Structure formats: structure tokens, C-alpha cells
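Coordinate inspection notes
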Amino acid sequence: MPLILYSDYKKPRWLVNRHMETIVPSTLRRVRTVVEPVRLRMATQDEDFLDLDWYRRDSGKLLIVSHGLEGDSQRPYILGMVNKFYAEGWDVIAWNYRGCSGSPNRKERFYHSGASDDLDAVVQYAIRLGFDAISLSGFSLGGNLTLKYLGEYDTPEEIRSAAVFSVPLDLAGCAQEIDKSHNTVYSARFLKSLKEKVRLKSSLLAGLVDLDKVALSKSVYEFDDFLTAPLHGFGTADNYYASCSAIHFVPDITIPTLVVNAQNDPFLSESCYNTTNFETSDNVYFEMPKFGGHVGFSTKGTQGVYWSEQRAFDFISKQV
């Protein structure tokens, strides 16, 4: 049976709807880290690279944080998690997906919701750095990626736990949700940014995908159908979603893992809350606060620490 946890999250009163709960933290929150990261450029097996920001303490304990769609390692929700764990004595690595660090990657390949091999490469790199206690956290796409990785790979003994937030467990359902009229502002922003990355890599992509169709795509689903799916060997968007949705990998997760999805998240479909639709292992805990928006979970009077950051630390620290 799914393990459902009570949630004590309470939103600030002045965030009057789910869109404010989503937009205000992402646009108005300012987070400064107490230390500058060491930027590491990690080579991948296919002769590409991943850029990692390492907040170094030489503690032996490491949190690896994965960002959301069209995010990067400097987003406020990432830096908030960095600050919380660093203040508690942890090292933190916030990594950038291919093409998300400000430097276009060398290969035709993009990042996507199922690129768990890149997360595995980061984990293996961290193990080589000498960390023997590693935990994972992820937001939105990064949450899906983290759960897929944990259910798909033989989890290294160094990985102790995970906490993920605002996870599109059912990618097909969420693609339909993000393309609805109430999410027009978000989908338009995502599409503009994604298409610009395609434009910058057009010389590499010519002949591999129909660039005219990609440029004219009017929804996230069409973008995935015209570019993400064919470029990465999935064929169609429907097959891509079916192959990469974390909902299919949850039953095989073997470490303590917390999944937090706000019930008023504007991006998530109903299938992301209906835990009776799938069986889960005894290691995965679901928490569904009434409020929080998408990657929001703002709090007041907590010295800059958001509820999601405190929640992740409380859960993860018990497992180390």
C-alpha cells in the first residue's frame, strides 16, 4: 500500500491562489549562498560534458540537487536547498543538465525527463570524489528524473535517501495539463526558451529532426513529439512519456524516498495524486499538502528557509 504522510505545510495568507504560490517564489525570491561554488566540468562518456556547482565542506555527506524544466543550478529553489544543507554541515552539488549551464553542449542530444544516465554519471563522479553518504533531491522534471533513476538503476550503497518536490509522475497527463488555457503563460515561456536552444544548435540538428515543425510547435506536447521523442530514440511523444514517467519506476525504489506534490499544483494532472493507480514499495512516502503551488512552498518568518528545504532536510537527515 502507498505510504501517505500528513503534511503540516501552511501557505502565507497573501499568496491568494496557486499561480501566485508558483510565480512569486520563482520571480521575487532572492537567495545568496554563503560560499561560492567550485564549478566542475564533468566529461561524459559520449564526449560531451555536464557543469556541476560544488559547495564544498569536505564533510563526507553530499546532497545532489536536480533542477526543473528550463532551470539551472542558480535558480532560487536550488540555492535555497543549497543554503539549508550547507548550513547543516553538508556538501552540495547542484548540477546543470546538458545545455542548461549557459554553455551549449557539444552533442545533438538535449536533456529530457528520462535522462537518468546523466544523473547516474553525476552520482558515480561524486563517489569517485570520495563521498560515502549521498542523498538526492529534485524539483519537477528533476524529481521525475531522480525517481526514475532510483527505480531503474541498481542503487549504489552510498546513496541513502531522496526527497523530491512537485513531481510530474505521469508525463502524459502533465503534458496535457501544462497545455491547458490556465497554464498558457507557463507553456509559452517554456516553449520560447526551448526553441531558442534548438535554434542555437540547429546546425547539429539539421537532418535529425524537422526544424520547421519544431519552430512552429504550439504546445509542450508538440515540441516533445517533434524534437524530444525522435531525437532521443522514443519515436513519439506518447512513447516518450510512457517510457520515462516516474510512476512506472516507483515500485522498484529501494531507499527511503519522500515525494511531495501540492494538491493545488497547476502543472500536475490528477494521476499524479491517485496513488491507487500503482503499487509502491515500502520505501516511498507520499506527502500531499493542500497548498504549495508548483515548486513553491513559501514560508514566512523562517530566516529565509522555505518549508520544502526544511522538509527535505528533516527527512534526509534521519537516513544518514
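See the structure shown above.
The structure reproduced in this document is the subject of the present report.

About the criteria used
Residues numbered from 1 in each chain as written. Predicted model: local features only at pLDDT ≥ 70, side-chain atom pairs only at ≥ 80, totals over all residues. Heavy atoms only, no water. Salt bridge = Lys/Arg side-chain N within 4 Å of Asp/Glu carboxyl O. Helix = DSSP H or I, 4+ residues; strand = E, 2+ residues; numbered from the N terminus. Buried < 20%, exposed > 50% of the residue type's maximum accessible area, 1.4 Å probe, protein only. Phe/Tyr/Trp six-rings, centres within 6.5 Å; stacked < 30°, edge-to-face > 60°. Lys NZ or Arg CZ within 6 Å of the ring centre and 35° of its normal. Polar contact = N/O pair within 3.5 Å; in protein donor to acceptor, adjacent residues only side chain to side chain. Contact = heavy atoms within 4.5 Å. Pairing = 2+ DSSP bridges. Axes fitted to C-alpha atoms, helices over the stretch in contact; angles between N-to-C directions.

**Examining the pattern of salt bridges**
- Considering all chains together, one arrives at 17 salt bridges under this definition.
- Among the salt bridges present, the one from Lys 197 reaches Glu 70, with a minimum N-O distance of 3.1 Å. Highlighted residues: Lys 197 in helix H6 (residues 184-200) and Glu 70 in the loop between strand S4 (61-66) and helix H2 (76-87), separated in sequence by 127 residues.
- Judged by relative accessible area, which is 18%, Lys 197 ranks as buried.
- Look at Glu 70 and you get buried, because its relative accessible area is 7%.
- For Arg 109, the salt bridge goes to Asp 118, with nearest N and O atoms at 3.6 Å.

**Overview of the packing of aromatic side chains**
- Scanning the entire structure with this criterion turns up 18 aromatic pairs.
- Summarising the aromatic geometry, the rings of Tyr 9 and Trp 307 are spaced 5.3 Å apart at their centres and angled 55° between planes, so their arrangement reads as tilted. Here Trp 307 lies in helix H11 (residues 307-317) and Tyr 9 lies in the loop between strand S1 (3-5) and helix H1 (18-28), a separation of 298 residues in the sequence.
- Classification of Tyr 9 by relative accessible area gives buried; the value is 7%.
- One aromatic cluster is present, built from ring pairs that chain together Tyr 9, Tyr 77, Phe 139, Phe 165, Phe 297 and Trp 307.
- In this structure, Arg 29 is placed above the aromatic ring of Tyr 306, and the distance from its NZ or CZ to the ring centre is 3.6 Å.
- The side chain of Arg 57 reaches across the aromatic face of Tyr 86, ending 4.0 Å from its centre.

**A short note on the side chain of Ser 161**
- Checked against the element boundaries, Ser 161 lands in strand S7 (residues 159-165).
- Residue classification places Ser 161 among the buried residues on the basis of a relative accessible area of 0%.
- A distance of 2.8 Å separates the side chain of Ser 161 from the side chain of Ser 135, its partner in a polar contact.
- Apart from residues no more than four positions distant in its own chain, Ser 161 is found in contact with Ile 134, Ser 135, Leu 136, Ile 255, Pro 256, Ile 316 and Gln 319.

**What about the environment of Ala 312?**
- With respect to the helices and strands, Ala 312 occurs in helix H11.
- Taking the C-alpha atoms as reference points, Ala 312 and Pro 76, separated by 236 residues in sequence, lie 16 Å from one another.

**Some remarks on the sheet that holds strand S2 (residues 38-43)**
- Spatially, the 9 strands line up as an open sheet ordered S1-S9-S8-S7-S6-S4-S5-S3-S2, and their pairing is mixed. In the strand order of this sheet, the two ends are held by S1 and S2, each with one partner. Each strand of the sheet is rotated relative to its neighbour by a mean of 20°, with strand direction disregarded.
- The pairing of S7 with strand S8 (residues 257-260) spans 4 bridges and is parallel. Considered in S8, the bridge of Phe 165 is made with Val 260.

**Looking at the pairing of strand S5 (residues 91-95)**
- Most of S5 sits out of view: 5 of its 5 residues are buried.
- Side-chain alternation along S5 places Asp 91, Ile 93 and Trp 95 on one buried face and Val 92 and Ala 94 on a second face that is also buried.
- The pairing of strand S3 (residues 49-55) with S5 spans 4 bridges and is antiparallel. Each residue of the ladder has a partner; that of Trp 54, found in S5, is Ile 93.

From the geometry alone we can't say anything about function, so treat these as descriptive.
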